[in-house]
Amino acid sequence: MNSLSNQQVSEALSASAANSKGQKLSPLSLLDAFDGNIDRDALKSLAGQSILNPRQFDRRTVLSIAQLAALLESRNVEMDKPLDGKIAITAFFEPSTRTRLSFESAVQRLDGKVLSVPDGQVTGIAKGESLADIGEMFNTYGDVVIMRHPETDSMDEIRKNLQRPLINAGNGSGHHPTQALIDWYALLKWRPELHSEQCPPEKRVHLGIIGTPGSMRAVKSFLRLSLMFTGAVSKITLVSEMADPVGLDLTEPIEQSPIPIEITNDVQEVLPQLDVVYVNSIAFLGDSYRNLDSRYSLDASSPFKDGAVIMHPLARNAELSEDLDETDHNLYFAQAAGAVFVRQALLAAVWDRTDRISGI
(Lines give C-alpha, C1' and ligand atoms only; values in the text may rest on other atoms or scores of the structure.)
Protein backbone atom coordinates (compact mmCIF):
# COMPACT_ATOMS: atom_id res chain seq x y z
CA MET A 1 0.00 0.00 0.00
CA ASN A 2 1.31 3.47 -0.88
CA SER A 3 2.07 5.93 1.91
CA LEU A 4 -0.63 8.44 2.82
CA SER A 5 -0.48 11.94 1.33
CA ASN A 6 -0.79 15.06 3.46
CA GLN A 7 -4.33 15.52 2.22
CA GLN A 8 -5.23 11.94 3.13
CA VAL A 9 -3.72 12.41 6.57
CA SER A 10 -5.83 15.52 7.02
CA GLU A 11 -8.96 13.65 5.93
CA ALA A 12 -8.14 10.82 8.32
CA LEU A 13 -7.67 13.14 11.26
CA SER A 14 -10.97 14.81 10.42
CA ALA A 15 -12.73 11.43 10.26
CA SER A 16 -11.18 10.32 13.53
CA ALA A 17 -12.67 13.37 15.23
CA ALA A 18 -16.23 12.32 14.34
CA ASN A 19 -17.14 11.80 18.00
CA SER A 20 -17.88 15.06 19.80
CA LYS A 21 -16.54 14.17 23.25
CA GLY A 22 -14.00 11.88 24.85
CA GLN A 23 -10.87 10.50 23.26
CA LYS A 24 -10.32 10.98 19.53
CA LEU A 25 -8.83 7.93 17.83
CA SER A 26 -6.84 8.12 14.61
CA PRO A 27 -6.61 5.14 12.22
CA LEU A 28 -3.13 6.24 11.18
CA SER A 29 -1.44 4.82 14.26
CA LEU A 30 -2.98 1.43 13.56
CA LEU A 31 -1.95 1.51 9.90
CA ASP A 32 1.59 2.42 10.97
CA ALA A 33 1.64 -0.56 13.35
CA PHE A 34 0.97 -2.84 10.37
CA ASP A 35 3.33 -0.89 8.08
CA GLY A 36 0.32 -0.21 5.88
CA ASN A 37 -0.03 -3.88 4.90
CA ILE A 38 -3.48 -5.50 4.59
CA ASP A 39 -3.85 -9.26 5.11
CA ARG A 40 -5.74 -9.94 1.89
CA ASP A 41 -5.78 -13.72 2.30
CA ALA A 42 -7.55 -13.44 5.67
CA LEU A 43 -10.14 -11.13 4.14
CA LYS A 44 -10.64 -13.53 1.21
CA SER A 45 -11.52 -16.29 3.67
CA LEU A 46 -14.72 -14.38 4.55
CA ALA A 47 -16.01 -14.23 0.97
CA GLY A 48 -19.57 -15.54 0.75
CA GLN A 49 -19.67 -16.38 4.46
CA SER A 50 -22.46 -15.75 6.94
CA ILE A 51 -21.29 -13.96 10.08
CA LEU A 52 -23.20 -15.44 12.99
CA ASN A 53 -20.92 -16.03 15.93
CA PRO A 54 -17.57 -14.54 17.02
CA ARG A 55 -16.08 -18.02 17.29
CA GLN A 56 -15.93 -17.98 13.47
CA PHE A 57 -13.07 -15.51 13.76
CA ASP A 58 -9.48 -16.03 14.75
CA ARG A 59 -7.00 -13.35 15.74
CA ARG A 60 -5.69 -13.01 12.21
CA THR A 61 -9.16 -12.41 10.78
CA VAL A 62 -10.00 -9.82 13.45
CA LEU A 63 -6.77 -7.96 12.71
CA SER A 64 -7.36 -8.07 8.94
CA ILE A 65 -10.80 -6.47 9.36
CA ALA A 66 -9.26 -3.82 11.63
CA GLN A 67 -6.55 -3.17 9.04
CA LEU A 68 -9.08 -2.65 6.26
CA ALA A 69 -11.34 -0.55 8.49
CA ALA A 70 -8.37 1.72 9.28
CA LEU A 71 -7.66 2.11 5.57
CA LEU A 72 -11.31 2.93 4.88
CA GLU A 73 -11.33 5.46 7.71
CA SER A 74 -8.13 7.11 6.51
CA ARG A 75 -8.96 7.42 2.82
CA ASN A 76 -11.83 8.67 0.71
CA VAL A 77 -12.68 5.46 -1.14
CA GLU A 78 -16.25 6.36 -2.11
CA MET A 79 -15.13 7.06 -5.67
CA ASP A 80 -14.07 3.41 -5.98
CA LYS A 81 -17.74 2.37 -5.55
CA PRO A 82 -16.69 -1.05 -4.22
CA LEU A 83 -20.26 -2.14 -3.35
CA ASP A 84 -21.83 -0.92 -6.59
CA GLY A 85 -24.62 -3.24 -7.72
CA LYS A 86 -25.05 -4.91 -4.32
CA ILE A 87 -28.20 -4.73 -2.18
CA ALA A 88 -28.22 -5.24 1.57
CA ILE A 89 -31.43 -6.09 3.42
CA THR A 90 -31.42 -4.73 6.96
CA ALA A 91 -34.13 -6.71 8.74
CA PHE A 92 -34.56 -5.44 12.29
CA PHE A 93 -37.27 -7.20 14.28
CA GLU A 94 -36.01 -5.49 17.43
CA PRO A 95 -35.37 -1.74 18.02
CA SER A 96 -31.97 -0.40 16.98
CA THR A 97 -30.39 2.97 16.33
CA ARG A 98 -26.61 2.56 15.99
CA THR A 99 -26.45 -0.93 14.50
CA ARG A 100 -29.07 -0.50 11.78
CA LEU A 101 -28.05 3.00 10.75
CA SER A 102 -24.31 2.27 10.77
CA PHE A 103 -24.84 -0.79 8.55
CA GLU A 104 -27.00 1.24 6.18
CA SER A 105 -24.49 4.09 6.14
CA ALA A 106 -21.66 1.59 5.51
CA VAL A 107 -23.43 0.17 2.45
CA GLN A 108 -24.60 3.45 0.93
CA ARG A 109 -21.33 5.31 1.42
CA LEU A 110 -19.63 2.63 -0.73
CA ASP A 111 -22.37 2.89 -3.38
CA GLY A 112 -24.40 -0.15 -2.41
CA LYS A 113 -28.15 -0.04 -1.90
CA VAL A 114 -30.32 -0.84 1.11
CA LEU A 115 -33.75 -2.37 1.60
CA SER A 116 -34.73 -1.72 5.18
CA VAL A 117 -37.12 -3.43 7.58
CA PRO A 118 -36.93 -1.04 10.54
CA ASP A 119 -39.76 -2.74 12.45
CA GLY A 120 -40.78 -6.39 12.32
CA GLN A 121 -44.43 -5.43 12.68
CA VAL A 122 -44.44 -4.04 9.13
CA THR A 123 -43.61 -7.50 7.77
CA GLY A 124 -45.66 -10.67 7.38
CA ILE A 125 -44.54 -11.59 10.90
CA ALA A 126 -47.48 -9.50 12.10
CA LYS A 127 -49.76 -11.94 10.22
CA GLY A 128 -48.02 -15.04 11.49
CA GLU A 129 -45.50 -15.58 8.69
CA SER A 130 -42.49 -17.70 9.64
CA LEU A 131 -38.89 -16.53 9.51
CA ALA A 132 -38.12 -19.47 7.24
CA ASP A 133 -40.61 -18.20 4.64
CA ILE A 134 -39.26 -14.67 4.96
CA GLY A 135 -35.78 -16.05 4.32
CA GLU A 136 -37.04 -17.66 1.10
CA MET A 137 -38.32 -14.29 -0.11
CA PHE A 138 -35.10 -12.51 0.82
CA ASN A 139 -33.19 -14.74 -1.59
CA THR A 140 -34.58 -12.79 -4.53
CA TYR A 141 -34.61 -9.34 -2.93
CA GLY A 142 -31.00 -8.74 -1.93
CA ASP A 143 -27.41 -9.99 -1.76
CA VAL A 144 -26.91 -10.10 2.00
CA VAL A 145 -29.28 -10.06 4.97
CA ILE A 146 -28.36 -8.18 8.14
CA MET A 147 -30.80 -9.24 10.85
CA ARG A 148 -31.54 -8.42 14.47
CA HIS A 149 -34.17 -10.46 16.30
CA PRO A 150 -35.18 -10.93 19.95
CA GLU A 151 -35.24 -14.73 19.64
CA THR A 152 -31.90 -16.47 20.17
CA ASP A 153 -32.76 -19.22 17.64
CA SER A 154 -33.84 -16.74 14.96
CA MET A 155 -30.63 -17.12 12.92
CA ASP A 156 -31.20 -20.86 12.60
CA GLU A 157 -34.84 -20.31 11.64
CA ILE A 158 -34.25 -17.88 8.81
CA ARG A 159 -31.36 -19.95 7.46
CA LYS A 160 -33.68 -22.90 6.82
CA ASN A 161 -34.41 -21.32 3.43
CA LEU A 162 -32.10 -18.31 3.18
CA GLN A 163 -29.29 -18.84 0.69
CA ARG A 164 -27.72 -15.40 0.89
CA PRO A 165 -25.02 -14.55 3.44
CA LEU A 166 -26.55 -13.62 6.79
CA ILE A 167 -24.95 -11.19 9.24
CA ASN A 168 -26.09 -11.45 12.84
CA ALA A 169 -26.83 -7.97 14.20
CA GLY A 170 -27.92 -9.37 17.57
CA ASN A 171 -30.07 -12.39 18.42
CA GLY A 172 -31.67 -12.42 21.86
CA SER A 173 -29.06 -13.44 24.43
CA GLY A 174 -26.97 -15.03 21.69
CA HIS A 175 -24.26 -13.00 19.95
CA HIS A 176 -23.39 -9.66 18.40
CA PRO A 177 -20.22 -10.43 16.40
CA THR A 178 -19.92 -7.15 14.52
CA GLN A 179 -20.13 -5.18 17.77
CA ALA A 180 -17.17 -7.17 19.10
CA LEU A 181 -15.19 -6.29 15.96
CA ILE A 182 -16.02 -2.63 16.53
CA ASP A 183 -14.91 -2.91 20.15
CA TRP A 184 -11.54 -4.35 19.24
CA TYR A 185 -11.07 -1.87 16.41
CA ALA A 186 -11.39 0.89 19.01
CA LEU A 187 -8.93 -0.83 21.35
CA LEU A 188 -6.40 -1.37 18.57
CA LYS A 189 -6.55 2.29 17.56
CA TRP A 190 -6.26 3.37 21.19
CA ARG A 191 -3.23 1.13 21.80
CA PRO A 192 -1.85 -0.29 18.52
CA GLU A 193 0.71 -2.44 20.36
CA LEU A 194 -2.16 -4.78 21.28
CA HIS A 195 -2.06 -6.23 17.78
CA SER A 196 1.24 -7.99 18.50
CA GLU A 197 1.51 -11.43 20.09
CA GLN A 198 4.69 -10.04 21.66
CA CYS A 199 3.01 -6.96 23.08
CA PRO A 200 5.38 -5.22 25.54
CA PRO A 201 4.35 -6.05 29.12
CA GLU A 202 3.80 -2.39 29.97
CA LYS A 203 1.31 -2.09 27.11
CA ARG A 204 -0.78 -5.14 27.99
CA VAL A 205 -4.19 -4.49 29.46
CA HIS A 206 -6.19 -5.74 32.40
CA LEU A 207 -9.75 -5.91 31.08
CA GLY A 208 -12.69 -5.46 33.39
CA ILE A 209 -16.14 -6.47 32.16
CA ILE A 210 -19.11 -5.23 34.15
CA GLY A 211 -22.10 -7.32 33.22
CA THR A 212 -23.26 -10.85 32.63
CA PRO A 213 -21.75 -12.39 29.49
CA GLY A 214 -24.13 -15.34 29.59
CA SER A 215 -27.15 -13.08 29.03
CA MET A 216 -25.61 -9.98 27.40
CA ARG A 217 -24.86 -10.64 23.74
CA ALA A 218 -22.49 -7.68 23.22
CA VAL A 219 -20.53 -8.55 26.37
CA LYS A 220 -20.41 -12.21 25.40
CA SER A 221 -19.04 -11.46 21.94
CA PHE A 222 -16.49 -8.96 23.26
CA LEU A 223 -15.21 -11.47 25.81
CA ARG A 224 -15.03 -14.19 23.16
CA LEU A 225 -12.77 -12.06 20.94
CA SER A 226 -10.72 -10.85 23.90
CA LEU A 227 -9.73 -14.44 24.70
CA MET A 228 -7.89 -14.54 21.34
CA PHE A 229 -5.49 -11.75 22.33
CA THR A 230 -3.35 -13.81 24.67
CA GLY A 231 -0.24 -11.67 24.19
CA ALA A 232 -2.07 -8.41 24.79
CA VAL A 233 -4.53 -9.09 27.61
CA SER A 234 -2.80 -9.72 30.92
CA LYS A 235 -5.97 -10.49 32.90
CA ILE A 236 -9.76 -10.38 32.64
CA THR A 237 -11.97 -9.59 35.62
CA LEU A 238 -15.71 -10.16 35.37
CA VAL A 239 -17.79 -7.96 37.67
CA SER A 240 -21.28 -9.35 38.10
CA GLU A 241 -24.06 -9.74 40.63
CA MET A 242 -24.36 -13.38 39.53
CA ALA A 243 -22.17 -16.13 40.98
CA ASP A 244 -21.81 -17.75 37.54
CA PRO A 245 -22.12 -14.99 34.92
CA VAL A 246 -20.39 -16.79 32.07
CA GLY A 247 -22.91 -19.14 30.44
CA LEU A 248 -22.39 -22.33 28.47
CA ASP A 249 -21.12 -20.68 25.26
CA LEU A 250 -18.03 -19.35 27.02
CA THR A 251 -17.24 -22.09 29.52
CA GLU A 252 -14.95 -24.09 27.22
CA PRO A 253 -13.01 -21.17 25.66
CA ILE A 254 -12.46 -19.68 29.13
CA GLU A 255 -11.18 -22.99 30.47
CA GLN A 256 -8.81 -23.31 27.51
CA SER A 257 -7.52 -19.74 27.65
CA PRO A 258 -4.15 -18.98 29.25
CA ILE A 259 -5.44 -15.53 30.24
CA PRO A 260 -6.16 -15.40 34.01
CA ILE A 261 -9.86 -14.76 34.63
CA GLU A 262 -11.48 -13.88 37.94
CA ILE A 263 -15.05 -13.08 39.01
CA THR A 264 -16.04 -10.51 41.63
CA ASN A 265 -19.12 -8.56 42.62
CA ASP A 266 -17.23 -5.57 44.06
CA VAL A 267 -16.78 -3.00 41.31
CA GLN A 268 -15.31 -0.31 43.59
CA GLU A 269 -12.53 -2.60 44.78
CA VAL A 270 -11.42 -3.72 41.33
CA LEU A 271 -11.75 -0.45 39.37
CA PRO A 272 -8.32 0.96 40.38
CA GLN A 273 -6.67 -2.10 38.81
CA LEU A 274 -8.36 -1.96 35.39
CA ASP A 275 -6.92 -0.50 32.19
CA VAL A 276 -10.12 -1.06 30.21
CA VAL A 277 -13.60 -1.08 31.72
CA TYR A 278 -16.26 -2.58 29.45
CA VAL A 279 -19.78 -2.03 30.74
CA ASN A 280 -23.23 -2.84 29.44
CA SER A 281 -26.53 -2.35 31.18
CA ILE A 282 -29.01 -4.61 29.46
CA ALA A 283 -29.26 -8.36 29.99
CA PHE A 284 -31.74 -10.57 28.17
CA LEU A 285 -33.27 -12.85 30.79
CA GLY A 286 -35.98 -15.26 29.70
CA ASP A 287 -38.17 -13.16 27.43
CA SER A 288 -37.42 -9.65 28.67
CA TYR A 289 -34.60 -7.20 29.33
CA ARG A 290 -33.21 -6.23 32.70
CA ASN A 291 -30.82 -3.45 33.71
CA LEU A 292 -27.77 -3.69 35.95
CA ASP A 293 -28.13 -3.09 39.66
CA SER A 294 -27.41 0.54 40.61
CA ARG A 295 -24.34 -0.41 42.65
CA TYR A 296 -22.52 -1.09 39.37
CA SER A 297 -23.00 2.48 38.11
CA LEU A 298 -19.96 4.50 37.01
CA ASP A 299 -19.46 8.26 37.25
CA ALA A 300 -16.62 10.78 37.36
CA SER A 301 -16.04 10.10 41.07
CA SER A 302 -15.47 6.35 40.54
CA PRO A 303 -11.92 5.24 41.45
CA PHE A 304 -10.53 4.69 37.95
CA LYS A 305 -6.89 3.94 37.32
CA ASP A 306 -4.96 6.79 35.69
CA GLY A 307 -5.23 6.39 31.93
CA ALA A 308 -8.05 3.85 32.13
CA VAL A 309 -10.70 3.91 29.41
CA ILE A 310 -14.37 3.01 29.48
CA MET A 311 -16.12 1.13 26.68
CA HIS A 312 -19.85 0.67 26.22
CA PRO A 313 -21.78 -0.70 23.21
CA LEU A 314 -24.61 1.78 23.87
CA ALA A 315 -27.46 2.56 24.42
CA ARG A 316 -26.71 3.45 28.02
CA ASN A 317 -28.88 3.91 31.05
CA ALA A 318 -28.03 4.98 34.58
CA GLU A 319 -24.97 2.66 34.73
CA LEU A 320 -22.84 5.22 32.85
CA SER A 321 -23.09 8.83 33.97
CA GLU A 322 -22.94 11.66 31.44
CA ASP A 323 -20.37 13.40 33.64
CA LEU A 324 -17.81 10.96 32.20
CA ASP A 325 -18.44 12.13 28.64
CA GLU A 326 -16.02 15.05 28.80
CA THR A 327 -13.20 13.02 30.38
CA ASP A 328 -10.35 11.06 28.79
CA HIS A 329 -11.89 7.91 30.26
CA ASN A 330 -14.53 8.17 27.55
CA LEU A 331 -13.63 5.74 24.77
CA TYR A 332 -17.26 4.78 24.13
CA PHE A 333 -18.06 7.63 21.73
CA ALA A 334 -14.94 6.91 19.66
CA GLN A 335 -15.86 3.22 19.83
CA ALA A 336 -19.25 3.98 18.27
CA ALA A 337 -17.66 6.31 15.68
CA GLY A 338 -15.68 3.41 14.20
CA ALA A 339 -18.74 1.26 13.51
CA VAL A 340 -19.31 2.33 9.90
CA PHE A 341 -15.73 1.56 8.85
CA VAL A 342 -15.68 -1.89 10.49
CA ARG A 343 -18.97 -2.80 8.87
CA GLN A 344 -17.76 -1.50 5.52
CA ALA A 345 -14.68 -3.70 5.82
CA LEU A 346 -16.74 -6.75 6.73
CA LEU A 347 -19.26 -6.27 3.93
CA ALA A 348 -16.52 -5.72 1.36
CA ALA A 349 -14.92 -8.98 2.50
CA VAL A 350 -18.18 -10.98 2.57
CA TRP A 351 -19.05 -9.70 -0.92
CA ASP A 352 -15.46 -10.31 -2.09
CA ARG A 353 -15.11 -6.70 -3.21
CA THR A 354 -11.90 -5.78 -1.37
CA ASP A 355 -9.94 -5.75 -4.63
CA ARG A 356 -12.04 -2.77 -5.75
CA ILE A 357 -10.72 -0.59 -2.94
CA SER A 358 -7.77 1.54 -3.96
CA GLY A 359 -4.64 1.14 -1.89
CA ILE A 360 -5.23 -2.44 -0.77
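Heads up: the structure comes first, above all this text.
So, here's what we can say about the structure. This one's a predicted model, so the numbers in the text were calculated from it and none came from an experiment. (Residues numbered from 1 in each chain as written. Predicted model: local features only at pLDDT ≥ 70, side-chain atom pairs only at ≥ 80, totals over all residues. Heavy atoms only, no water.)

### Overview of the overall build of the protein
This is how it is decided: Helix numbers and strand numbers start at the N terminus; a helix is a DSSP run of H or I with at least 4 residues, a strand a run of E with at least 2. In this scheme, a residue with accessible area under 20% of its type's maximum is buried, one over 50% is exposed, and one in between is partly exposed, where area comes from a 1.4 Å probe on protein chains only. When checking whether two residues touch, look at their non-hydrogen atoms; a contact exists if any pair is within 4.5 Å. Computed with the Shrake-Rupley method and a 1.4 Å probe, the accessible areas treat only the protein chains shown as cover for residues.
Counting its secondary structure elements, the protein contains 13 helices and 11 strands. Scored against the burial criterion, the 360 residues of the protein give a buried share of 56%. A separation threshold of at least 6 residues defines the contact pool for the protein, and within that pool the share at least 24 residues apart is 73%. If you sum the accessible surface of the protein, you get close to 14800 Å²; carbon and sulfur atoms cover 44% of it.

### Digging into the packing of aromatic side chains
Inclusion rule: Two rings belonging to Phe, Tyr or Trp (six-membered ring only in the last case) form a pair when the distance between their centres is within 6.5 Å. Interplanar angles under 30 degrees mark stacking, angles over 60 mark edge-to-face geometry, and anything in between is tilted.
Throughout the structure, instances matching the rule amount to 4 aromatic pairs. Note on Trp 184 and Phe 222: the rings are 6.5 Å apart at their centroids and 25° apart in plane angle, and the pair reads as stacked. A residue pair is termed long-range when its members are at least 10 positions apart, and Trp 184 in helix H8 (residues 177-190) and Phe 222 in helix H9 (residues 217-226) qualify at 38 residues. Side by side, Trp 184 and Phe 222 carry an identical accessibility label, which is buried. Measuring from centroid to centroid gives 3.9 Å for Trp 184 and Phe 229, while their planes differ by 5°, and the two rings are stacked. Note that Trp 184 is positioned in helix H8 and Phe 229 in the loop between H9 and strand S6 (233-239), a separation of 45 residues in sequence. In this pair, the class of Trp 184 matches that of Phe 229, namely buried. Site record: aromatic cluster; members linked through ring pairs are Trp 184, Phe 222, Phe 229 and Tyr 278.

### What about helix H5 (residues 98-109)?
Put simply, the rule reads: In this analysis, the expected span of each helix is defined as 1.5 Å times one less than the number of residues it contains.
Its 12 residues give H5 an end-to-end C-alpha distance of 16 Å, which sits within 8% of 16 Å, the value for a rise of 1.5 Å per residue. Three or more residues of H5 are buried, namely Thr 99, Arg 100, Ser 102, Phe 103, Glu 104, Ala 106 and Val 107. Buried residues along H5 sit against strand S1 (87-92), strand S2 (113-117), strand S3 (144-149), strand S4 (166-171), H8 and helix H13 (339-350). Among the residues trailing H5, Asp 111 stands out with phi positive, at a value near 75°.

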